[in-house]
Amino acid sequence: YRRWNKANSPWGFPGPGLIPYIGHVHDLPECFWLKLAEWSYKYGGIYKTRMIGWNFVIISDESIANDLLVKRAKIYSDRPAVPSLIDSKSNHGMLSYLPLMGRNQAWVRQRKWAHSYLTQSSAIKYKGIMEFEVKRLLFILLSDSEKFSFHIENQASKVMCTLAFDDPSFSPQMRMSAWGLLTQMSPNGPITNVLTPLWHLPLFLNPWKRSELVRRGIQQAFWMDLLNGAREKWQAGQLRPCWARQYLELGDKSPLLGDFEGHSALGMLALVGVFTVGGPTQTYLIAMIQNPEWMVKCQEEIDRICEGRPPTLHDYGNLPVLRACIKETFRWRSPVPTGVAHELEADDYYRGGFIPKGTRVIPLDWAMMRNKAKYPDPENYHPERWLEPGWPTYKVPLTEFPTIKGMSSFGWGIRACLGQTLTQDALVVLCGGLMWAFNVKHKTDPVTGAIIPISPKTTAEVITKPLPFEMVFEPRSEERKATIVSNWLEAEAKDTKERHEFLRAASSH
Ligand code: HEM
């Protein structure tokens, strides 16, 4: 085995000793990035390991990630297959999940397509959707704050459903659909993601594949219904501008290969913005509860700049403190702590070491965000590192920086995240709106009066969110409470009126 291992595993790099087949998977806790990060402190910015029969190279140094994943993107931009998804790489015609696709023609086509949609989503093109949904959320939180986690994720889902199909009503299904895919693809999901041979058992002996076939069928049918529904409305002239309408208007000129590809591409684009926005928002709330001096600073800034109204995207340049708190939330509790793995397409040599074709490369964001030279006192929440000269990460002008765009959290090279602007915009309006409306606090035990602690732990999916926790949303004043109500009632009436007018105009044509 030792001889085989020497010939086939990345050599010239340090790394923990190996055990045949399962390698190191038995060592890993559920939040396995913590163990990977611990090894990076021991073995350095690039090390090798072997898990579930595959070679892994773990990178925790940004300059090494840049050398390999950006400068050598030509060979470092494939994706490993997700064992418990059917054709996750779309090498055999599934065409479903853009972020998981191999570096193939389908990926080239869909990436270009998604890029054109997401870059068009500039502040003007969102048409106030984000602000509208924040008003709805604040109103709901006044009466049902116990279920804040659901409402926040549902808010993010509503924004995505409106952008994609101009219809926020099916946001709960989209959220469920997102959760289904996320758990299916994550290492802590079905056992077949770790004990991969089980996946190849015949169907009658294979509950994992059977349940995946059902999940996938439901998801595809849901996305297809959305596209068909949009087409019906569009044919009747009743579909307002949205991504589905753009797709339908292009018809045969669309770069996508008809509705089989179109329904997945649209569905996936809506789905990917649910937990990526909903998760960090909940972490931001924890940061504000645990660092109330920063909550007060955000509120002072918002009150000064927005003069009594919730922030909009137009206030972006004037809210550096809010942006610093959001950015520090990403650094403190990386939303995708392991990064998304890349797969190497050809043998390569780096710094005297050999990395064989097929190696999975993990850009370990959790560890990168704990680089003490770049981020002094990394375990603690310090938004001032983005705002005050003297910190290594301070950058001006403050009308532009801090920005989360370009952070290593969004990945590397030609596979880097396409939703960076959308995420930034969504979080400024959402976190800003929450600060405008509420003082956020620990919940206390009604009997003892003791604070109910919030766990620092997160879920272990690829995209994380805090474990369920309790908190209090206290309206900042009676007047603010009344404004939250009137803002929503006005916005809702305006939306209803605009939709009616659009339908009336459509029927008169
Ligand atoms: C907290 C927010 C988000 C984070 C941290 C994040 C992170 C990531 C990461 C790490 C990747 C893989 C990059 C790589 O392979 O190196 C990725 C890919 C991607 N992201 Fe995001 N993302 C976020 C939000 C979004 C949103 C809101 C959208 C769209 C609405 C989006 C769309 C995509 C797409 C389409 C890809 C696939 C790119 C490709 O494979 O070529 N992301 N994202």
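This text goes with the structure placed above it.
Residues numbered from 1 in each chain as written. Predicted model: local features only at pLDDT ≥ 70, side-chain atom pairs only at ≥ 80, totals over all residues. Heavy atoms only, no water.

Draft legend 1. Seen up close, the site of the ligand. Taken together, 26 residues lie around the ligand, and Arg79, Trp107, Arg111, His342 and Cys417 are the ones closest in. A distance of 2.6 Å is found between an oxygen atom of the ligand and a side-chain nitrogen or oxygen belonging to arginine 111. Side-chain polar atom of histidine 342 to an oxygen atom of the ligand: 2.7 Å apart, as the coordinates give it. Counting residues per element, the ones that place at least two in the shell around the ligand are α4 (105-120) and α10 (258-290). Ranked by the residues each element gives to the shell around the ligand, the list is headed by α10, at 5 residues. Of the residues contributing to the shell around the ligand, the split by class is 16 nonpolar, 7 polar and 3 charged. Counting contributing residues, the shell around the ligand receives three or more from each of domain 1 (1-94 + 336-368) and domain 2 (95-334 + 369-508). (Near = heavy atom within 4 Å. Polar contact = N/O pair within 3.5 Å; in protein donor to acceptor, adjacent residues only side chain to side chain. Helix = DSSP H or I, 4+ residues; strand = E, 2+ residues; numbered from the N terminus. Nonpolar A, V, L, I, M, F, W, Y, C, P; charged D, E, K, R; others polar. Domains from an automatic or database assignment.)

Draft legend 2. Summary view of the packing of aromatic side chains. Per the stated rule, a full pass over the model turns up 18 aromatic pairs. The interplanar angle of 65° and the centroid separation of 5.0 Å between the aromatic rings of phenylalanine 148 and phenylalanine 469 together place this pair among those described as edge-to-face. Residue phenylalanine 148 is found in helix α6 (residues 148-165), and its partner phenylalanine 469 is found in the loop between β7 (438-442) and β8 (471-475); the two are separated by 321 residues along the sequence. Pair check on accessibility: phenylalanine 148 and phenylalanine 469 agree, each one buried. (Phe/Tyr/Trp six-rings, centres within 6.5 Å; stacked < 30°, edge-to-face > 60°. Buried < 20%, exposed > 50% of the residue type's maximum accessible area, 1.4 Å probe, protein only.)

Draft legend 3. Representation of empty space enclosed by the protein. For the structure on display, the rule yields 3 cavities of 30 Å³ or more. Taken as a whole, the largest cavity spans an internal volume of roughly 980 Å³. Every element with two or more residues in the lining of the largest cavity is listed here: α4, α7 (171-185), α10 and α14 (420-437). If one sorts the elements of the lining of the largest cavity by residue count, α10 sits on top with 9 residues. If you count residues domain by domain, the lining of the largest cavity takes at least three from each of domain 1 (1-94 + 336-368) and domain 2 (95-334 + 369-508). Put simply, the second largest cavity is a space of about 60 Å³. Considering the residues around the second largest cavity, the lining is formed by Met130, Val134, Gln155, Ala156, Val159, Met160, Gly273, Val277, Leu422, Ala426, Val429 and Leu430. Contributing elements (two or more residues each) for the lining of the second largest cavity: α5 (129-143), α6, α10 and α14. Of the residues contributing to the lining of the second largest cavity, the split by class is 10 nonpolar, 2 polar and no charged. (1 Å grid on protein atoms, 1.4 Å probe; cavity = no way out; pocket = protein on both sides within 12 Å on 5 of 7 lines; lining within 4 Å. Points joined across faces, edges and corners; volume = space filled by probe spheres on them.)

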